[in-house]
Each structure stands twice: as structure tokens, then as C-alpha cells.
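The primary structure of each chain is shown beneath.
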There are 4 protein chains.
Amino acid sequence: MADGNAPSSIEALKSMEPLQGLDSHLGMAIIKIADGYARIKMDLTEAHLNLFGGGHGGSLFSLADSAFALACNTRGYLTVASGCSIDYIKPTGEGDSLVAEAQLIETSGKTSIYDVKITNQNDVTVAMFRGRAHQTSKLVMEQVNDKCLYM
Amino acid sequence: MADGNAPSSIEALKSMEPLQGLDSHLGMAIIKIADGYARIKMDLTEAHLNLFGGGHGGSLFSLADSAFALACNTRGYLTVASGCSIDYIKPTGEGDSLVAEAQLIETSGKTSIYDVKITNQNDVTVAMFRGRAHQTSKLVMEQVNDKCLYM
Amino acid sequence: MADGNAPSSIEALKSMEPLQGLDSHLGMAIIKIADGYARIKMDLTEAHLNLFGGGHGGSLFSLADSAFALACNTRGYLTVASGCSIDYIKPTGEGDSLVAEAQLIETSGKTSIYDVKITNQNDVTVAMFRGRAHQTSKLVMEQVNDKCLYM
Amino acid sequence: MADGNAPSSIEALKSMEPLQGLDSHLGMAIIKIADGYARIKMDLTEAHLNLFGGGHGGSLFSLADSAFALACNTRGYLTVASGCSIDYIKPTGEGDSLVAEAQLIETSGKTSIYDVKITNQNDVTVAMFRGRAHQTSKLVMEQVNDKCLYM
């Protein structure tokens, strides 16, 4: 359940599709958004590679971070990252179809922990990300309605 | 001094300009590469922003990670990240001109620690990144000469 | 299932009770050890507190790290930490009875990811730890049989 | 310079010697405390070892965390950790004399970054720790005068 003190912001986030900014620039798309949850995808092209032709750590981090940001902003109040860590488990490369699934794990006061798992087209986990989120007192809905997004 | 057992790979890395892959896609450019050191830059445009119009964590992480990768591959042997952490210190936004400076801090056997500092156009630190690098037994120069980069 | 190439080391680890070194000094005790799994406990006394009278971050980190070390050494080969992160979720204090449960989450080649959850006497999660483990080619059993532990 | 809005709390911290709680239990002692700075020491005995007879990660983490806590509480306001990471660089063992030096690196609003370096008796760096500190609105001095420490 979303935070009882704030209206759910799931619809507000969905209305932001297609994604803009870095999310759009890297080709991410939303698969599903629910309370404390987001699943998004990104296909690895030449534009996502590192110096030596593998998937760039920054591409995977960006995908996980975006899934985390969507998931932690479903609960009404504008929420920002206060820390995160990533573990790369398998190499990735051009042609891989990645999915990042972010899920609320623990919440205590204004702080919450989200886990994000990135899997490839063979459903193999290629990276794990953990984010710590801090809830502000602003509403997500107002941010969206004020058209202050990317404008 | 570069590792005495391997020829310096600084020239090999410099020959890779203009940068390709994610580095190119995000608009990064090399300012300076030296032994255990790299300084690169990236200007924040609409394509680097997050859901709420600020600099996306993934943009900053990617910049730091690329500076780290360049710095830790100056010493002859192909080197990969085995872990990293990032701390965001100040918000960033469209129009900011960021510089990431990566520097070797400690080295022990095949493991090294690099610190990366990202500053903005006012020379204010906006993020700090720490990377742990693991040296392989392959030469960077061969990777570059074999044209196996992005091909 | 434990790694098929090595005999299970669960019995070897169990034979090390009562725990020694820091584990003993901080009052930890094993509850359960299984394949890729360990659950241990520690009660917080005055000796576990920080400067301001709360549970010291080092006490919680030590408990999580010990559970992680036990869990990742159940699979035959001697395994060492190559990185870890901790998130504190709720404050702790004198009198709290903590349990740390470590579990294998992902494994790829010689690298594995373990999650450790620390809960208090009310079954509330007070901290989460994630460890990255690197498997060596030495057997845990030999380490134990050689009496090289703390001697 | 300490925060101009609060009296320095260096003397208050010094008055807490000898250290208590986990710091005392692990044998730590203060060498020097200054503005945004602390240097403390700890000798590794059998009580600091891990399962396999080396220095326990929790012993090193505790030492670094305590140096960090002292350094970030020199500036008047009670300050708590909001995140940290540690990199182990060289193995340690019984008989090593460790020194942890914590230093303020960056500060922005109520958030600060501290780096802690742990060196051994040969002045070799054995671990590096980075802590993110969050300043509260309480005074350190009151905490000390109220005798609420360990009581």
C-alpha cells in the first residue's frame, strides 16, 4: 500500500511516458509501475559500450538508478537517493536486452531500501543494485502537474 | 611510474579519441591522460537529466566510471573494476560543465584504489567516486592494436 | 547444493565452536549453518556501544561480516570478501538481541553475492549488509585440520 | 574552522577519554583530535581475528568508524553516519599496530564526506574507509554534559 498520507503517484509517473532525459537518451522504457515497484527495459547498442567493447558500467548503473527512482516515487512523496551500491555479476555486451526490476525491501520513517536486479534476455542476473531512498515532504503529483519536468 | 613489466599504454588510450560507445553518446572528451591519472569533461544537456529535471545519477556515475577506466588502464595491463561507490555532494543541472579527475591512490599487488572527483564550472565538488581496480594479465596495447574496440 | 568439486565444509565450520577471535570477543554464537547459509546471534551489552550510547556501527558490521564469512565458507573452498556495504535501518541499543542471517543470492564463476539481514528481538530489521565473495582454490577443511586457526 | 554557529566540541570529546563501549572493548585510544580530524590507534590481538586467523574485517571497520565518528563530531553539532564504504588493501594479523586517521574532505549543507585511512606499524595503508556524515541540530556538548553517554 502507498503511504496513507499521500495520494498514490503511480498514475502521475505513468503520465510521464515516453521517458525523457537520460532515460530516453539511453533507450529505456517502462514495463510496469506499481506501489514500491518498477520494471523497465533497455537494449544494449553500440551507444552503451565501454572502452573495450563490453557493456559500460554507467549504462547498467543508469538503468538500475532509473528503475529505483521510479519505484521510490510511487508512494506519493518526492523521494531522492541518499546512497547506492552496485555489484556487476556477469559481463554484458551489444545486443543484450536488459530488464531492471526495483522493489521496496525495507522502510523506516522517511528512509527506505530498494533492491534492483538487472537480468538479461536469458533471465540471468547480470547486476544487483541497492539504493537508500529519502522521502521529502513534497508531493510527486505537484512536481508533475507543475510541468517542472524537463522544462 | 607505470608498471615496469609492461609498456605504458597512455599513447594507446590517447589514440582512441574521439571516445566511442557510451562515452561518446554522453558527450565526454579527454582533457589529459597520464600514469594512473585521467581528466575528462562532459557538459550536461537535456539528455543527461533525471525524472525531475536534475542531473541524473547515472550521468555522473558514467562520467566518473569512464575517468576511472581510463586512469587505471594507463599502466600497461588491462584493468577492470571490481567495485565502486559514489557520493553525490551538490545537485547538478542542465548547462553545468563537469570535469572528472581520476587518480591512483593506493596499489597492492593486482588491486588498486582510484579516487575520482567531479567538479562543476565553479570548481565546486559535486560528486566523489571511489573505484577498486583489478589488473588482468592482458596488455592494453594488444586490445587496441587488435582493433577489437567496438568492432 | 555445495560445490560438487569440493567436500562440504559445513561440519568443519561447526567444529570451530565455540567461536574464537573477534566473534568470541563480541559474544557471537552460531544458531545454524547450512549450504550457502548462516544464522548467528549477538546480544548488545555496554561493550557494543558507540560514543553516544547507541549500538556501534562496528558491532553491527562485525556481526554481519561474521555471518557472511561463515555462509560463504560452507561450500568447500576457502572464500574471502572482496567488497561489502551496510545500510543501518533502525537504531539499536544495550539489551537488544540481534540475529544475523546470511544467504547466498547469486553466484557466477568464483564470485558470489550474499545478503545478510540483521533483526532484533522484535523481528524488526535493523540493518542490511551485502557482501561480494571471492572463492580461492584452497579447501576450508584443510585450513581447519591444519589447526592453523588462531594458533 | 569549526562551524561558526556552534562552539567547538573538541574539548567535550577529549573529556570522554578513556574511550568506552566498543572503542574500549577493542582497545582503541585517541592520539589526536582537531577540527574535522581524528587519529586513533588499536593493536591487533587474538581478540581481533577472524575465522582463519587474520585481522577481522569488523575490527578494521570498527576502528575506521570510530575515527570517523570522533572527527565528524568535532564541529559542534551531533553528527551521525548516513553511509560508508570500506576497501581492504593489505592483510593484517595479530601483533599489527594500526592507526586510523579521519579527515573532513567535503562539506555541503548538513552533509559531509570524511576519508579514513588505516595504516600499520610500517606506515603501509591496509584499508580505506569513506563515510558520509549528516549533521543534526543537537549540540555535542549537551550530549556530553547531560551524562547521557553510556548511562
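Refer to the structure printed above.
Keep in mind that this is a model prediction, so the values were computed, not measured.

A.B. asks: An account of the relation of the copies chain B and chain A is needed here, citing residue identities and associated values.
C.D. replies: Its rotation angle being 180 degrees, the transformation that places chain B on chain A also includes 0.0 Å of axial translation and leaves an RMSD of 0.0 Å. Here the copies are linked by what is in effect a two-fold axis. Comparing interface residues between copies, 100% of those in chain B also lie at the interface in chain A; the contact surface is shared.

A.B. asks: Run through the interface of chain B and chain A, naming residues and quoting values.
C.D. replies: With 27 residues of chain B at the interface, the matching set in chain A holds 27 residues. At eight residues, helix 3 (residues 57–72) of chain B tops the list of elements feeding residues into the side of chain B that touches chain A. Here the side of chain B that touches chain A is composed, by residue class, of twelve nonpolar, 13 polar and two charged.

A.B. asks: Talk me through helix 3 of chain B; I want residue IDs and the actual numbers.
C.D. replies: Note on helix geometry: an α-helix contains 3.6 residues per turn, so any two residues three or four positions apart are oriented the same way. Taking 1.5 Å of rise per residue, 16 residues should cover 22 Å, and helix 3 of chain B covers 22 Å from first to last C-alpha, within 8% of that figure. Among the 16 residues of helix 3 of chain B, 16 are classified as buried, and the element is accordingly described as predominantly covered.

A.B. asks: I'd like a description of the environment of Ser112(C), backed by residues and values.
C.D. replies: All names here are of chain C. Along the chain, Ser112 falls in strand 5 (residues 111–119). Once the C-alpha coordinates of Ser112 and Ala81 are considered, the two residues, 31 residues apart in sequence, prove to be 9.5 Å apart. The residues contacting Ser112, other than those within four sequence positions of it, are Cys72, Leu104, Glu106, Thr107 and Ala133.

A.B. asks: So what's going on with the packing of helix 3 (residues 57–72) of chain C against helix 3 (residues 57–72) of chain D? Which residues, and what values?
C.D. replies: Following both chains from N to C, one finds helix 3 of chain C and helix 3 of chain D inclined at 160 degrees, their axes separated by 8 Å at the closest point. Between helix 3 of chain C and helix 3 of chain D, the angle is such that the two are roughly antiparallel. Crossing of helix 3 of chain C over helix 3 of chain D shows right-handed handedness. Two secondary-structure elements touch here, helix 3 of chain C through Gly57(C), Gly58(C), Phe61(C), Ser62(C), Asp65(C) and Ser66(C) and helix 3 of chain D through Gly57(D), Gly58(D), Phe61(D), Ser62(D), Asp65(D) and Ser66(D).

A.B. asks: Please give an account of the environment of Ser15(D) that cites residues and values.
C.D. replies: Relative to the assigned elements, Ser15(D) resides in the loop between helix 1 (10–14) and helix 2 (21–25). Taking the C-alpha atoms as reference points, Ser15(D) and Asp115(D), separated by 100 residues in sequence, lie 24 Å from one another.

A.B. asks: Got a sec to walk through the nonpolar core? Specific residues and values, please.
C.D. replies: Counting residues in hydrophobic clusters, the biggest one holds 155 residues, and the most contacted among them are Ala64(A), Ala64(B), Ala64(C) and Ala64(D). Setting aside its immediate chain neighbours within four residues, Ala64(A) contacts Ile86(A), Ala100(A), Val116(A), Ile118(A), Ala127(A) and Phe129(A).

A.B. asks: Describe the pairing of strand 4 (residues 97–108) of chain A, listing the residues and the values that go with them.
C.D. replies: Residues and elements named next belong to chain A. Where strand 2 (residues 37–43) meets strand 4, seven bridges bridge the pair, whose relative direction is antiparallel. From the neighbouring strand, Lys41 faces strand 4, where its bridge partner is Val99. Where strand 4 and strand 5 (residues 111–119) come together, nine bridges link them in antiparallel fashion. When the bridges of strand 5 are listed, Ala100 appears paired with Ile118. Connecting strand 4 to the next strand, strand 5, in antiparallel fashion are two residues, including Gly109 with a positive phi near 60 degrees.

A.B. asks: How would you summarise unusual backbone geometry if you had to cite specific residues and measurements?
C.D. replies: In this structure, Pro18(D) follows Glu17(D) across a cis peptide bond, with omega equal to -5 degrees. Looking at where Pro18(D) falls in the secondary structure, it is placed in the loop between helix 1 and helix 2. Even without being glycine, Asp123(B) reaches a positive phi, approximately 65 degrees. Tracing the backbone shows Asp123(B) in the loop between strand 5 (111–119) and strand 6 (125–139). A residue is classified by how many C-beta atoms lie within 10 Å of it, and Asp123(B), with 7 of them, is exposed.

A.B. asks: Explain the pairing of strand 1 (residues 29–34) of chain B to me, and be specific about the residues and the numbers.
C.D. replies: Residue and element names in this part refer to chain B. Two elements, strand 1 and strand 2 (residues 37–43), share five bridges in a ladder whose sense is antiparallel. If you follow Ala29 over to strand 2, its bridge partner there is Lys41. In this structure, the hairpin formed by strand 1 and strand 2 is closed by a connection of two residues, where Gly36 is found at a positive phi of approximately 65 degrees.

About the thresholds
Each chain has its residues counted from 1, following the order in which its sequence is written. All chains are assigned letters beginning with A, and all ligands numbers beginning with 1, in the order in which they are written. Restriction of local features to residues with pLDDT of at least 70 applies here, the model being predicted, together with a cutoff of 80 or more for giving and counting side-chain atom pairs; totals for whole chains, interfaces and linings are based on all residues. Copies are brought into register by a least-squares superposition over C-alpha atoms of residues with pLDDT of at least 70 in both. Throughout, a pair of residues is in contact if the C-beta atoms placed from their backbones lie within 7 Å. Here a helix means four or more residues in a row that DSSP labels H or I, a strand means two or more in a row labelled E, and each is numbered from the N terminus. Polarity classes work like this: nonpolar for Ala, Val, Leu, Ile, Met, Phe, Trp, Tyr, Cys and Pro, charged for Asp, Glu, Lys and Arg, and polar for all others, with Gly in that last group. Multiplying 1.5 Å by the residue count of a helix minus one yields the expected span of that helix. Remark: C-beta atoms are placed from the backbone, and a residue is labelled buried if 20 or more other C-beta atoms sit within 10 Å of its own, exposed if 12 or fewer do, or partly exposed between those counts. Each axis is a line fitted through C-alpha atoms, taken for helices only over the stretch in contact, and angles between the N-to-C directions span 0 to 180 degrees. An angle below 35 degrees is read as roughly parallel, one above 145 as roughly antiparallel, one from 65 to 115 as roughly perpendicular, and any other as oblique. Take the far helix as your reference; a near helix turned counterclockwise from it by less than a right angle gives a left-handed crossing, and one turned clockwise gives a right-handed crossing. A set of buried Ala, Val, Leu, Ile, Met, Phe, Trp, Tyr and Cys residues, joined to one another through C-beta atoms within 7 Å, is what we call a nonpolar core. Paired strands, in this sense, are two strands between which DSSP finds at least two bridges.

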